[in-house]
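Reading the structure
Spelled out, the chains give:
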Amino acid sequence: MTIQTAFTYITGAISELYDEREAANIAHIIMEYLTGMSKLDRIVHKTKILSPDQNQRLKVAIEALQRHEPVQYITGNSWFYGMELLVNKNVLIPRPETEELVEWMVQDAAHRHRLHLLDIGTGSGCIPLALKKSLPDAQVSAIDVSEGALEVARSNSTRQRLEVNFMLLDALDPAQLATLPEFDMIVSNPPYITQSEQKTMQELVWGFEPSLALFVPDNDALLFYRHISIMAKSKLLPGGALYFEINEALGKEVVALLEELGFKDVTLKQDMFGKDRMVKGSV
């Protein structure tokens, strides 16, 4: 099979799962993964024959795609904030809207130096690594309850040559959170999808991404926001701020929670798609 026919084969195999444009994008990702060649190089060498090993990996990849497995888990990589990060089923796949949360923090940190930053529920480490990349003199820490996630995050830290202090801590355990020092900024993209919302989600999300990082009980959708906000109120230095990525349906509720806890200048912000996605509160 040639590079050109392999590309056509992939798009045809997943045509019933994705629209034409998305199928082509996925096929390009798979072909770069298989060949190590850029799109331009693949056009130039479109008649190059795939090796037996590449053909076998192609077969495995297509079978995974047909099971609705996200392409990022197949290739083991995902892009975030200009960084190619390792991902596997221990971590969520970084989303573009989370880059907007990072950018908000970076803008707020302009002209400030030697900040102490904390990310709660770090997963792949995408948020703290992006912050360290943009704010190199900041001291950045991150916690997660999953050792598997922290292994991925530490690998990404090494790969990106960015120093972040990763720690195994449970965001729902006040005693563990009490051991943390004080910070200028705290950020979290915690689990915020209710169990009942799972019925409306695509299988490639709930079927493969870690449920520990996705779901909260229907009767306590603000579970993580509440625990983290209470901790942040005591751990943020004067003038510090707490940042959340939120469920688009819970914007008013998260704002009300922060205001009830005494945060000042609470701000709800929309993402690039016009959805309520981020909240900030200051102390």
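A few points on the structure. (Residues numbered from 1 in each chain as written. Predicted model: local features only at pLDDT ≥ 70, side-chain atom pairs only at ≥ 80, totals over all residues. Heavy atoms only, no water.)

1. Overview of the overall build of the protein chain
A count of helical and extended segments in the protein chain gives twelve helices and eleven strands. Within the protein chain, counting contacts between residues at least 6 apart in sequence, those at least 24 apart form 63% of the total. As displayed, the protein chain has an accessible area near 13800 Å², and 52% of this comes from carbon and sulfur atoms. (Helix = DSSP H or I, 4+ residues; strand = E, 2+ residues; numbered from the N terminus. Contact = heavy atoms within 4.5 Å. Areas by Shrake-Rupley, 256 points an atom, 1.4 Å probe, with all protein chains shown as cover.)

2. Structural notes on the pattern of salt bridges
Considering all chains together, one arrives at ten salt bridges under this definition. Across the salt bridge formed by Asp184 and Arg112, the nearest N and O atoms sit 3.9 Å from each other. Of this pair, Asp184 sits in strand E6 (residues 183–188) while Arg112 sits in the loop between helix H6 (96–108) and strand E3 (116–120), and the two are 72 residues apart along the sequence. What makes Asp184 buried here is its relative accessible area of 10%. Residue class for Arg112 comes out partly exposed when judged on its relative accessible area of 30%. Salt bridges sharing partners connect three or more residues here, namely Glu248, Asp271, Lys275 and Arg277. (Salt bridge = Lys/Arg side-chain N within 4 Å of Asp/Glu carboxyl O. Buried < 20%, exposed > 50% of the residue type's maximum accessible area, 1.4 Å probe, protein only.)

3. Description of helix H2 (residues 20–35)
With 16 residues, H2 ought to run about 22 Å at 1.5 Å a step, and its terminal C-alpha atoms sit 22 Å apart, in line with that. Taken together, the buried residues of H2 touch helix H1 (3–13), helix H3 (39–44), helix H4 (52–66) and helix H5 (71–75). Measuring from the side-chain oxygen of the N-cap residue of H2 to the backbone nitrogen of Arg21 gives 3.3 Å; that N-cap residue is Asp19. Where H2 ends, the next residue or the one after it, Gly36, has phi of about 70°, a positive value. (Expected span 1.5 Å × (residues − 1). Polar contact = N/O pair within 3.5 Å; in protein donor to acceptor, adjacent residues only side chain to side chain.)

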